[in-house]
Amino acid sequence: MKSKKTLVIGASTNPERYSFRAVSMLVGKGHSVLAIGQKAGEVAGVKIQTKALPVKNIDTISLYLNPVRQRDYYNYIIESHPKRVIFNPGTENPQFYQLLESNGIEVEVACTLVLLATNQF
(Lines give C-alpha, C1' and ligand atoms only; values in the text may rest on other atoms or scores of the structure.)
Protein backbone atom coordinates (compact mmCIF):
# COMPACT_ATOMS: atom_id res chain seq x y z
CA MET A 1 0.00 0.00 0.00
CA LYS A 2 1.28 3.42 -0.96
CA SER A 3 1.43 6.07 1.78
CA LYS A 4 -0.86 9.00 1.06
CA LYS A 5 -0.03 12.36 2.62
CA THR A 6 -3.26 13.28 4.34
CA LEU A 7 -4.45 16.46 6.04
CA VAL A 8 -7.20 16.06 8.63
CA ILE A 9 -9.15 19.30 9.12
CA GLY A 10 -11.22 19.37 12.28
CA ALA A 11 -8.80 17.19 14.26
CA SER A 12 -9.42 16.68 17.98
CA THR A 13 -7.50 15.29 20.96
CA ASN A 14 -10.76 13.80 22.29
CA PRO A 15 -10.52 9.98 21.83
CA GLU A 16 -14.30 9.82 21.33
CA ARG A 17 -14.21 12.03 18.23
CA TYR A 18 -14.05 10.42 14.79
CA SER A 19 -11.31 12.82 13.73
CA PHE A 20 -9.14 11.48 16.59
CA ARG A 21 -9.79 7.93 15.40
CA ALA A 22 -9.03 8.91 11.80
CA VAL A 23 -5.65 10.45 12.66
CA SER A 24 -4.77 7.39 14.77
CA MET A 25 -5.85 4.94 12.08
CA LEU A 26 -4.08 6.84 9.28
CA VAL A 27 -0.84 6.79 11.28
CA GLY A 28 -1.36 3.11 12.10
CA LYS A 29 -1.74 2.32 8.40
CA GLY A 30 1.51 4.13 7.58
CA HIS A 31 0.20 7.34 6.05
CA SER A 32 1.91 10.70 6.51
CA VAL A 33 -0.55 12.84 8.48
CA LEU A 34 -0.96 16.55 9.15
CA ALA A 35 -3.77 17.91 11.32
CA ILE A 36 -5.58 21.20 11.91
CA GLY A 37 -7.98 21.69 14.79
CA GLN A 38 -9.43 24.34 17.09
CA LYS A 39 -7.13 23.35 19.94
CA ALA A 40 -3.44 22.50 19.78
CA GLY A 41 -2.47 19.05 20.94
CA GLU A 42 -1.15 15.75 19.70
CA VAL A 43 -2.72 12.53 18.43
CA ALA A 44 -0.66 9.43 17.62
CA GLY A 45 2.48 11.56 17.40
CA VAL A 46 0.84 14.09 15.04
CA LYS A 47 0.81 17.68 16.26
CA ILE A 48 -2.53 19.43 15.77
CA GLN A 49 -1.95 22.92 14.37
CA THR A 50 -4.46 25.68 15.09
CA LYS A 51 -3.60 27.69 11.97
CA ALA A 52 -3.96 26.69 8.35
CA LEU A 53 -0.29 26.71 7.41
CA PRO A 54 0.70 26.23 3.74
CA VAL A 55 1.08 22.58 2.76
CA LYS A 56 2.46 20.85 -0.33
CA ASN A 57 2.00 17.47 -2.01
CA ILE A 58 -1.24 16.63 -0.19
CA ASP A 59 -2.98 13.57 -1.60
CA THR A 60 -6.10 13.67 0.56
CA ILE A 61 -7.89 16.11 2.83
CA SER A 62 -10.29 14.46 5.26
CA LEU A 63 -12.90 16.91 6.55
CA TYR A 64 -14.44 16.83 10.01
CA LEU A 65 -16.09 20.27 9.94
CA ASN A 66 -19.74 21.11 9.42
CA PRO A 67 -20.55 22.99 6.19
CA VAL A 68 -20.73 26.42 7.91
CA ARG A 69 -17.24 26.02 9.44
CA GLN A 70 -15.87 24.72 6.11
CA ARG A 71 -16.34 28.16 4.53
CA ASP A 72 -13.28 29.47 6.38
CA TYR A 73 -11.20 26.79 4.63
CA TYR A 74 -12.51 26.95 1.04
CA ASN A 75 -9.57 28.94 -0.35
CA TYR A 76 -7.03 27.13 1.81
CA ILE A 77 -8.20 23.72 0.58
CA ILE A 78 -8.32 24.76 -3.06
CA GLU A 79 -4.87 26.41 -2.84
CA SER A 80 -3.47 23.23 -1.23
CA HIS A 81 -4.30 21.36 -4.48
CA PRO A 82 -5.13 17.97 -2.94
CA LYS A 83 -6.02 15.12 -5.29
CA ARG A 84 -9.23 14.56 -3.32
CA VAL A 85 -11.32 15.77 -0.40
CA ILE A 86 -13.22 13.25 1.71
CA PHE A 87 -16.47 14.56 3.17
CA ASN A 88 -17.08 12.41 6.24
CA PRO A 89 -20.63 11.87 7.60
CA GLY A 90 -22.07 15.19 8.78
CA THR A 91 -19.81 17.28 6.53
CA GLU A 92 -21.79 16.94 3.29
CA ASN A 93 -21.71 20.22 1.34
CA PRO A 94 -22.90 20.16 -2.32
CA GLN A 95 -21.96 23.85 -2.80
CA PHE A 96 -18.34 23.07 -1.88
CA TYR A 97 -18.34 19.89 -4.03
CA GLN A 98 -18.98 22.03 -7.12
CA LEU A 99 -16.25 24.50 -6.20
CA LEU A 100 -13.72 21.70 -5.67
CA GLU A 101 -14.63 19.85 -8.86
CA SER A 102 -14.40 23.07 -10.91
CA ASN A 103 -10.82 23.31 -9.60
CA GLY A 104 -9.97 19.74 -10.64
CA ILE A 105 -10.20 18.27 -7.12
CA GLU A 106 -11.93 14.92 -6.66
CA VAL A 107 -14.80 14.82 -4.16
CA GLU A 108 -15.52 11.69 -2.16
CA VAL A 109 -18.50 11.51 0.17
CA ALA A 110 -17.42 8.68 2.43
CA CYS A 111 -16.11 7.77 5.86
CA THR A 112 -12.33 7.84 6.20
CA LEU A 113 -12.52 5.16 8.92
CA VAL A 114 -14.49 2.79 6.69
CA LEU A 115 -12.22 3.44 3.71
CA LEU A 116 -9.18 2.61 5.86
CA ALA A 117 -10.77 -0.44 7.47
CA THR A 118 -11.73 -1.90 4.09
CA ASN A 119 -8.43 -1.01 2.34
CA GLN A 120 -10.18 1.39 -0.05
CA PHE A 121 -8.36 4.51 1.13
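### Thoughts on the packing of aromatic side chains
Now for step 1: On inspection of all chains with the given rule, the structure shows 4 aromatic pairs.
Now for step 2: Both rings, one in tyrosine 73 and one in tyrosine 76, keep their centres 6.4 Å apart while their planes meet at 70 degrees; by these two values the pair is edge-to-face. No difference in accessibility class separates tyrosine 73 from tyrosine 76, as the two residues are buried.
Now for step 3: Seen in terms of ring centroids, tyrosine 74 and phenylalanine 96 are 4.1 Å apart; in terms of plane orientation they differ by 15 degrees. Their pairing is stacked. Note that tyrosine 74 is positioned in helix H3 (residues 74-80) and phenylalanine 96 in helix H4 (residues 94-102), a separation of 22 residues in sequence.
Now for step 4: Put simply, the rings of Tyr74, Phe87, Phe96 and Tyr97 touch in pairs and so form one group of aromatic residues.
Now for step 5: We note arginine 84 situated over the ring of phenylalanine 121; from NZ or CZ to the ring centre the distance is 4.6 Å.

### Describing the sheet that holds strand E7 (residues 106-109)
Now for step 1: Pairing is mixed in the open sheet, where 7 strands are placed in the order E3-E4-E2-E1-E5-E6-E7. The open sheet has two free edges, formed respectively by strand E3 (41-43) and E7, since each of these has just one partner strand. Each neighbouring strand pair of the sheet contributes to a mean axis angle of 25 degrees, computed without reference to strand direction.
Now for step 2: Docked against the sheet, helix H1 (residues 18-28) engages strand E1 (6-9), strand E2 (33-36), E3 and strand E4 (46-49), running at close to 165 degrees with respect to E1.

What counts, and where the lines are drawn
Residues numbered from 1 in each chain as written. Predicted model: local features only at pLDDT ≥ 70, side-chain atom pairs only at ≥ 80, totals over all residues. Heavy atoms only, no water. Phe/Tyr/Trp six-rings, centres within 6.5 Å; stacked < 30°, edge-to-face > 60°. Buried < 20%, exposed > 50% of the residue type's maximum accessible area, 1.4 Å probe, protein only. Helix = DSSP H or I, 4+ residues; strand = E, 2+ residues; numbered from the N terminus. Lys NZ or Arg CZ within 6 Å of the ring centre and 35° of its normal. Pairing = 2+ DSSP bridges. Axes fitted to C-alpha atoms, helices over the stretch in contact; angles between N-to-C directions. Contact = heavy atoms within 4.5 Å.

Any functional reading would require information beyond the geometric quantities listed.
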